[in-house]
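Given next are the chains, with one letter for each unit.
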Amino acid sequence: PDLRAPDLGSRAKPAGARVLHWYPDVCDLSLGPTWFWVPKWDHELKLLDRLKQIYETSVGRNAGLLLNVAPNRDGVIPEPQVRR
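Remember, predicted model here, so these are calculated numbers, not experimental data. (Residues numbered from 1 in each chain as written. Predicted model: local features only at pLDDT ≥ 70, side-chain atom pairs only at ≥ 80, totals over all residues. Heavy atoms only, no water.)

Peer 1: Looking at this structure, I do not really get the side chain of Asn-68. What am I missing?
Peer 2: Assignment of secondary structure puts Asn-68 in strand β2 (residues 64–68). Excluding anything up to four places from it in sequence, Asn-68 contacts Leu-29, Ser-30, Leu-31, Thr-34 and Trp-35. (Helix = DSSP H or I, 4+ residues; strand = E, 2+ residues; numbered from the N terminus. Contact = heavy atoms within 4.5 Å.)

In structure tokens:
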């Protein structure tokens with residue numbers, strides 16, 4: 001089947017189908033440059049506009065969004081990540 005067709009989710013699409021396909025999707029994303037906390041990177045977080053765009057094109061298209069926030073050495077989420 002063509003899984004890139006413009007209509008993949010309306011009720012009319014599967015009406016005559018013999019087989020249905022479902023592919024769960026996940027978007028993995030780190031808020032900062034790496035998956036781990038590095039003090040000098042507290043101010044190199046992804047911009048809010050970029051995060052909104054990623055949210056809209058992942059969750060908005062039926063994918064799960066895994067947003068990594070990295071705790072510091074004390075096990076606390078640093079304030080710049082909390083604010084972002």
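Don't stop here, the text continues.
Peer 1: So what exactly am I meant to see when it comes to the nonpolar core here?
Peer 2: Soluble, globular proteins show a tendency: their nonpolar side chains are buried together. Counting five residues, the largest nonpolar core is built from Leu-29, Leu-31, Leu-45, Leu-51 and Ile-54. Apart from the residues within four sequence positions on either side, Leu-51 is in contact with Leu-29, Leu-31, Lys-46 and Arg-84. (Core = buried A, V, L, I, M, F, W, Y, C linked by side-chain atoms within 4.5 Å. Buried < 20%, exposed > 50% of the residue type's maximum accessible area, 1.4 Å probe, protein only.)

Peer 1: So what exactly am I meant to see when it comes to a nonpolar patch on the surface here?
Peer 2: Side chains of Tyr-55, Val-59, Leu-65, Leu-67, Val-69, Ile-77 and Val-82 sit close together on the surface and give an oily, nonpolar patch of about 520 Å² of accessible area. Structurally, Tyr-55 can be placed in helix α1 (residues 48–58). (Patch = residues over 30% accessible without salt bridge, like charges linked within 9 Å, V, L, I, M, F, W, Y side chains within 5 Å. Areas by Shrake-Rupley, 256 points an atom, 1.4 Å probe, with all protein chains shown as cover. Salt bridge = Lys/Arg side-chain N within 4 Å of Asp/Glu carboxyl O.)

Peer 1: In this structure, what is going on with the side chain of Asn-72? I would like to understand it.
Peer 2: The residue Asn-72 is located in the loop between β2 and α2 (79–83) in this model. In this structure the side chain of Asn-72 is engaged in a polar contact, spanning 2.9 Å, whose partner is the backbone nitrogen of Asp-74. Aside from chain neighbours lying at most four places away, what touches Asn-72 is Trp-37 and Pro-78. (Polar contact = N/O pair within 3.5 Å; in protein donor to acceptor, adjacent residues only side chain to side chain.)

Peer 1: Any chance you could explain the environment of Val-69 here in plain terms?
Peer 2: Among the secondary structure elements, Val-69 is positioned in the loop between β2 and α2. The spacing of Val-69 and Leu-31 is 38 residues in sequence and 5.9 Å in space, taken between C-alpha atoms. The contact partners of Val-69, leaving out residues within four places of it in the chain, are Leu-31, Ile-77 and Gln-81.

Peer 1: Whenever I open this one, the environment of Ala-63 confuses me. Can you help?
Peer 2: Secondary-structure assignment places Ala-63 in the loop between α1 and β2. Residues Ala-63 and Cys-27, spaced 36 residues apart in sequence, show a C-alpha to C-alpha distance of 6.7 Å. Dropping the residues within four chain positions of it, Ala-63 is found in contact with Asp-25 and Ser-58.

Peer 1: Would you explain the pairing of β2 in this entry?
Peer 2: If a strand is regular, its side chains alternate between the two faces of the sheet. Inspection of the sheet shows strand β1 (residues 26–30) paired to β2 by five bridges, in the parallel sense. Bridging across to β2, Val-26 finds its partner in Gly-64. The parallel pair β1 and β2 is bridged by α1, and the resulting crossover is right-handed. (Pairing = 2+ DSSP bridges. Right-handed = clockwise from strand over helix to strand, strands pointing away.)

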